[in-house]
Amino acid sequence: MNKKILYWFVILQPILDIYWFYNGKLATILPFTIPTIIRLIALFVLTVLFLKYILQDKFLIAYIALLVVFSGLHLYMMLHFAGDFGYSTTGEAFYLLRMMIPIAILFFTKYSNFSKENFFKAVTIVSLLFSLTVVISNLLIISLRSYETGQISGNIFMWYTNPNLGYSHIASKGFFNFSNMLSAVMLMLVPLVTYQVSYHLSKKTILVAIMHALAMIEIGTKIALAGVIIGFLVSYLALFIAKNRPNFKKTMLVIVAIEALALVTLPVGPVMQRYNYEKLLAKQSDDQTSQLNKTLKEKLSQLSGQAKLDYEKDFIKNNYQAYSLNPKFVLKGYPYTKDPEFWIKIMQEPGEARMNNRYLEKQMLKRASEKNGQTKTLLFGMGFMRQTNIFILERDFISQIYSLGIFGMLLLVGPSIVSLLLGLWKLWKTRDELIISTVLASAMILFAAYYSGNVLDFLTSSIILAFVNGFMLSYKKD
């Protein structure tokens, strides 16, 4: 009973990530979003069902005690942070609870000892729920955009017939909430899909692999495209260190077909379009602002005190668009009115830096932590609620250090890293082909989390990762 509920709960995750659950009327109909309520109910039910295992696990009990102590200290320290930034103790406490759900799923999966067959049934269903939604909605031109809001303006065939559509109008995320999260989960599933093709070659496994790859191409992010071009190839070649090697020739044809599909679409796809567009925009921005920078430098050398401060604010207000700065950052995330000196320094950096959102997010959070005191922020963080209101840093692990501090990051995100290390140790001892694929899956999503962010704080991706890690740690070859 407990294993079945956990199995269906994992399979339900793609459905719980539907965009409209988090935006529009469905998001506000109840105090919490519908997916959150379902996940909390499931967590309660699973905790009751697995209570016998929990009470017998002394390590888990000690770990829960550590989480409780840290949570109390973190919430206390957040009340004494320099700067409000829309902080809410209730919201912060809820975030801490949310971050504990994947940890629970990791242990519950480990206790469950899923068979290889049931594990791959779940993996296949999750892969198809994501990939078919993206592929079909792209084909019908009803998919949501991976970048910005609204629906796409053309499907994958129109990448060739109408190249002027622009990358933001053709990159598709189906009906899911975040393209970064979707890309990371799809990347994580690549080694597992490859395993199925390599050891259970059939029309079904080939179709699943091709749909999976096609969806990743259509998502149009760097991580998704890298997953197709590099991920499938690496996942396949890695299996050749296993004791039981796959059939090289037959499976290689599938991998070659996937690689060819990715390379044929690369020149007209969203990733290449975005790269060329941003490179051109950065150059134009530098050309347009060279004179403004000279004027700014001369004026600042003549002013001091309040007059200098007022001039900086006016300059930023009138010229931030000319410098191609994200208005969400300048006006809302870290308002220029509170710290004009910071934004003046940013304006004098090269265009590629000014237009790099991840770079700006990191600089804003770094500045906010400096004002609070680096040591205090490093240990206990500034709080997820504050970080979210400034802007979420698109680089997991560092993002959690800013929101939770080093202690919180290790306690709440650390289990994913520890699971990977334990998987590597298991791989070293067994050289088992399934362990190779699960270790790669875990490593790939953690790489995506660090590179693109918005992965480990989101329950869809962190729950599926916890399920994969829990199976990896419990798996014993028959």
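Everything numeric here is computed off the predicted structure, so don't read it as measured data.

The next point concerns helix H11 (residues 203-219). Helix length check: H11, at 17 residues, gives a terminal C-alpha distance of 24 Å against a target of 24 Å (1.5 Å per residue), a fit within 8%. H11 sits mainly inside the fold: twelve of its 17 residues count as buried. Considered for burial, the residues of H11 that qualify are Thr205, Val208, Ala209, Met211, His212, Ala213, Leu214, Ala215, Met216, Ile217, Glu218 and Ile219. At its buried positions, H11 is contacted by helix H8 (116-139), helix H9 (158-161), helix H10 (179-199), helix H12 (222-238) and helix H13 (248-265). One or two residues past the end of H11 sits Gly220, with phi positive at roughly 75 degrees.

In this section: the packing of aromatic side chains. The final tally for this structure, using the stated rule, is 27 aromatic pairs. Considering the side-chain rings of Tyr7 and Trp8, the 5.3 Å spacing of their centres and the 90 degrees angle between planes classify their relative orientation as edge-to-face. Accessibility expressed as a relative area gives 53% for Trp8, which makes it exposed. Between Phe107 and Tyr111, the ring centres sit 6.4 Å apart and the planes meet at 45 degrees, which makes this aromatic pair tilted. Placement of the pair is Phe107 and Tyr111 together in helix H7 (residues 89-112), with a separation of four residues, close to one helical turn. For Phe107, a relative accessible area of 13% translates into the label buried. A residue is classified by how much of its surface remains accessible, and Tyr111, at 15% relative accessible area, is buried. By the ring-pair criterion, three or more aromatic residues cluster together here, those being Phe114, Phe119, Phe120, Tyr195, Tyr199, Phe467, Phe471 and Tyr475. It is Lys52 that lies over the ring of Tyr53; its NZ or CZ is 5.3 Å from the centre.

Following both chains from N to C, one finds helix H6 (residues 58-78) and helix H22 (residues 398-412) inclined at 170 degrees, their axes separated by 11 Å at the closest point. On the basis of their axis angle, the class for H6 and H22 is roughly antiparallel. Touching Tyr63, Leu66, Leu67, Phe70 and His74 of H6 are Ser403, Leu404, Phe407, Gly408, Leu411 and Leu412, all from H22. Within the contact of H6 with H22, the residues separate by chemical class into eight nonpolar, three polar and no charged.

Attention now goes to the packing of helix H4 (residues 34-49) against H7. Running from N to C, H4 and H7 point in directions that differ by 50 degrees, and their axes come no closer than 11 Å. One element, H4, and the other, H7, form an angle in the oblique class. Along this stretch, H4 crosses H7, giving a crossing that reads as left-handed. Seen from H4, the contacting residues are Thr36, Arg39, Leu40, Leu43, Leu46 and Thr47; seen from H7, they are Phe94, Leu97, Ile101, Ala104, Ile105 and Phe108.

Per the stated rule, a full pass over the model turns up three cavities of 30 Å³ or more. Size it by volume and the largest cavity reaches roughly 130 Å³. If you trace the largest cavity, you find 13 residues lining it, with Pro102, Ile103, Leu412, Ser416 and Ser462 closest to the centre. As a volume, the second largest cavity reaches approximately 50 Å³. In terms of lining, the second largest cavity is formed by Trp159, Ile217, Leu225, Thr265, Leu266, Gly269, Pro270 and Val271. Across the lining of the second largest cavity, the residue classes break down as six nonpolar, two polar and no charged.

Procedures and definitions
Residues numbered from 1 in each chain as written. Predicted model: local features only at pLDDT ≥ 70, side-chain atom pairs only at ≥ 80, totals over all residues. Heavy atoms only, no water. Helix = DSSP H or I, 4+ residues; strand = E, 2+ residues; numbered from the N terminus. Expected span 1.5 Å × (residues − 1). Buried < 20%, exposed > 50% of the residue type's maximum accessible area, 1.4 Å probe, protein only. Contact = heavy atoms within 4.5 Å. Phe/Tyr/Trp six-rings, centres within 6.5 Å; stacked < 30°, edge-to-face > 60°. Lys NZ or Arg CZ within 6 Å of the ring centre and 35° of its normal. Axes fitted to C-alpha atoms, helices over the stretch in contact; angles between N-to-C directions. Parallel < 35°, antiparallel > 145°, perpendicular 65-115°, else oblique. Nonpolar A, V, L, I, M, F, W, Y, C, P; charged D, E, K, R; others polar. Left-handed = near helix turned anticlockwise from the far one by under 90°. 1 Å grid on protein atoms, 1.4 Å probe; cavity = no way out; pocket = protein on both sides within 12 Å on 5 of 7 lines; lining within 4 Å. Points joined across faces, edges and corners; volume = space filled by probe spheres on them.

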